[in-house]
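Examination of the molecular architecture
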Amino acid sequence: MTNRTAATRYARALLDVAAKEKDDLQRLEGELAAFVDLFTKHPTLEKVLLNPVVPVGRKQAAVAELTARLKTSPILAKLIALLAARDRLVLLPELLASYRERLLDYQNVVRAEVTTAVPLAADRTQAIERGLAQVTGRTVTLATKVNPSIIGGVVARIGSTVYDGSVTTQLQKMKQRLVESV
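Heads up: these notes are all about the structure in this document. The numbers attached to residues start from 1 for each chain and follow its sequence in the written order. Since the coordinates come from a predicted model, pLDDT governs what is reported: local features require at least 70, and pairs of side-chain atoms require 80 or more to be given and counted, while whole-chain, interface and lining totals use all residues. Based on all heavy atoms of the structure, the side-chain values leave hydrogens and waters out of the count.

The subject of this paragraph is the sheet that holds strand S2 (residues 139-146). Criterion used throughout: strands pair if DSSP finds at least two bridges between them. Strands are runs of DSSP state E lasting at least 2 residues, helices are runs of H or I lasting at least 4, and numbering of each runs from the N terminus. Read from one edge to the other, the open sheet built from four strands follows the order S2-S1-S3-S4, with strand pairing classed as mixed. What marks the edges here is a single partner per strand, and that holds for S2 and strand S4 (161-164). Across the sheet, the mean angle separating the axes of adjacent strands is 20 degrees when strand polarity is ignored. Judged from the five bridges that link them, strand S1 (residues 109-116) and strand S3 (residues 154-158) form a sheet pairing that is antiparallel. Axes, fitted as lines to C-alpha atoms, cover a helix only where it is in contact. Angles between the N-to-C directions of the axes lie from 0 to 180 degrees.

Structure representation (structure tokens):
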């Protein structure tokens, strides 16, 4: 089993248990992010906790102390302790990413990326966001990018689905039709 698969399973379990216990899912995400952030802020801590030579008992003790000091919720503290016991703390960054994705899915939110040739005005961005929300039937959080090479129009990406209304693509399609007709 790959680390990504394992992290996804742990993230699913964390979200399922937290939702069942009616815990604050956003707070859990923040606490998990804070714990993962410890690794980036303190590389020595990361080396020790991820080192396979360090006995699991010491890792468990260190994790227990850290979760107590961070005042981590019991559900998350148990999960981190379980990861330490199984010497799987290396999964934490992937687990955080997977939890964030699952949380958005649970909240019926989808991320979209819109690319245009020029920066969009705020009202135009909101209109595109509303249109994508209608198409998907979900709440949309929109990220915008500018890419002058598309000449004009809009390219919207939601997950693996791409809605390409760019001038460049339209010109390529016209060229292809002309070439085929000759």
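We now examine helix H7 (residues 122-136). Working rule for helices: expected span equals 1.5 Å times residues minus one. Look at H7: 21 Å from first C-alpha to last across 15 residues, which is about the 21 Å you get at 1.5 Å a residue. Using a 1.4 Å probe on the protein chains alone, a residue whose accessible area is under 20% of its type maximum counts as buried, one over 50% counts as exposed, and one in between counts as partly exposed. Buried within H7 we find Thr125, Ile128 and Leu132. Along the long axis of H7, the arc covered by the buried residues comes to 65 degrees, so they all point the same way. Away from its buried face by more than 90 degrees, H7 exposes Asp123, Arg130 and Gln134. The inward-facing, buried residues of H7 contact S1, S2 and S3. The directions from the helix axis to the C-beta atoms are what the arc is built from. By the convention used here, residues are in contact when the closest approach between their heavy atoms is within 4.5 Å.

Below, the discussion takes up the environment of Pro43. Among the structural elements, Pro43 can be located in helix H3 (residues 43-50). With relative accessibility at 45%, the residue Pro43 sits in the partly exposed group. The spacing of Pro43 and Glu31 is 12 residues in sequence and 19 Å in space, taken between C-alpha atoms.

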